[in-house]
Amino acid sequence: MSDRLTNPNKAVDFLIANAEKFAKAKADRVYLEEFRKSKKALLMNACPEKAANAREQYAYSHPEYVELLQGLRDAVEIEEALRWQQVAAQLRVEVWRSQEATNRGQERATR
């Protein structure tokens, strides 16, 4: 098992070291979610059709829009991987706290 997952100090170090990566991953994801709306509007505007549903269909099926969705998928994957690694590190610290409290209780009981 990784030392980062068993040592509470390493777990905290991991949280600190990866805070900026997580923030960037989340910012990228939010940006892509918002840009998706702009991209749709730009593509609809570029469509030669006059009917709104035809323009929307054009935008949603356009390769640039599909590429943006793939980028959004990748951004969510990165963000979620970092988030769950952070959750695991936080839980490691909580487990360590519980173990230490149990140890203190046992020490008091044996005195």
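About the cut-offs
Residues numbered from 1 in each chain as written. Predicted model: local features only at pLDDT ≥ 70, side-chain atom pairs only at ≥ 80, totals over all residues. Heavy atoms only, no water. Helix = DSSP H or I, 4+ residues; strand = E, 2+ residues; numbered from the N terminus. Rg over C-alpha atoms; globule rule 2.2 N^0.38 Å. Buried < 20%, exposed > 50% of the residue type's maximum accessible area, 1.4 Å probe, protein only. Contact = heavy atoms within 4.5 Å. Areas by Shrake-Rupley, 256 points an atom, 1.4 Å probe, with all protein chains shown as cover. Axes fitted to C-alpha atoms, helices over the stretch in contact; angles between N-to-C directions. Parallel < 35°, antiparallel > 145°, perpendicular 65-115°, else oblique. Nonpolar A, V, L, I, M, F, W, Y, C, P; charged D, E, K, R; others polar. Left-handed = near helix turned anticlockwise from the far one by under 90°. Salt bridge = Lys/Arg side-chain N within 4 Å of Asp/Glu carboxyl O.

Trainee: Mind showing me how you'd approach the overall build of the protein here?
Mentor: Of the regular secondary structure elements, the protein holds four helices and zero strands. Tracing the protein from N to C terminus, the helices and strands come up as α-α-α-α. For 111 residues, the compact-globule formula gives about 13 Å, and the C-alpha radius of gyration of the protein, at 24 Å, lies well above that figure. Projected onto its principal axes, the C-alpha coordinates of the protein cover approximately 85 × 20 × 20 Å. For the protein, the proportion of its 111 residues judged to be buried stands at 23%. In the protein, 67% of the contacts between residues at least 6 apart in sequence involve partners at least 24 apart. Accessible surface, the protein: about 8,100 Å² in total, of which carbon and sulfur atoms supply 54%.

Trainee: So what exactly am I meant to see when it comes to the packing of helix α3 (residues 52-61) against helix α4 (residues 63-109) here?
Mentor: Each pair of packed helices gets described by two things: the angle between the helix axes and the distance between those axes. Two elements in contact, α3 and α4, have axes separated by 5 Å at closest approach and are oriented at 50°. Between α3 and α4, the angle falls in the class oblique. Residues Ala-59, Tyr-60 and Ser-61 of α3 touch α4, and the partners they reach there are Pro-63, Tyr-65 and Val-66. Its residues assigned to classes, the contact of α3 with α4 comprises five nonpolar, one polar and no charged.

Trainee: Would you mind showing me how to read the packing of helix α2 (residues 8-46) against α3 here?
Mentor: In the contact formed by α2 and α3, the axes pass within 8 Å of each other and the chain directions differ by 120°. Classified by the angle their axes make, α2 and α3 are oblique. Here α2 runs over α3; the crossing is right-handed. Contacts from Lys-40, Leu-43, Met-44, Asn-45 and Ala-46 in α2 reach Ala-52, Arg-55, Glu-56, Tyr-58, Ala-59 and Tyr-60 in α3.

Trainee: Could you clarify how one ought to interpret the pattern of salt bridges in this entry?
Mentor: Pairing between side chains of opposite charge can happen when their charged atoms approach one another. As enumerated under the stated definition, the model contains nine salt bridges in all. For the salt bridge of Lys-24 with Asp-28, the shortest nitrogen-to-oxygen distance reads 2.9 Å. Taken as a pair, Lys-24 and Asp-28 lie in helix α2 at a separation of four residues, close to a single helical turn. Overall, the relative accessible area of 32% leaves Asp-28 in the partly exposed class. A salt bridge links Glu-79 to Arg-29, with the nearest nitrogen and oxygen atoms 2.5 Å apart. Of this pair, Glu-79 sits in helix α4 while Arg-29 sits in helix α2, placing them 50 residues apart in sequence.

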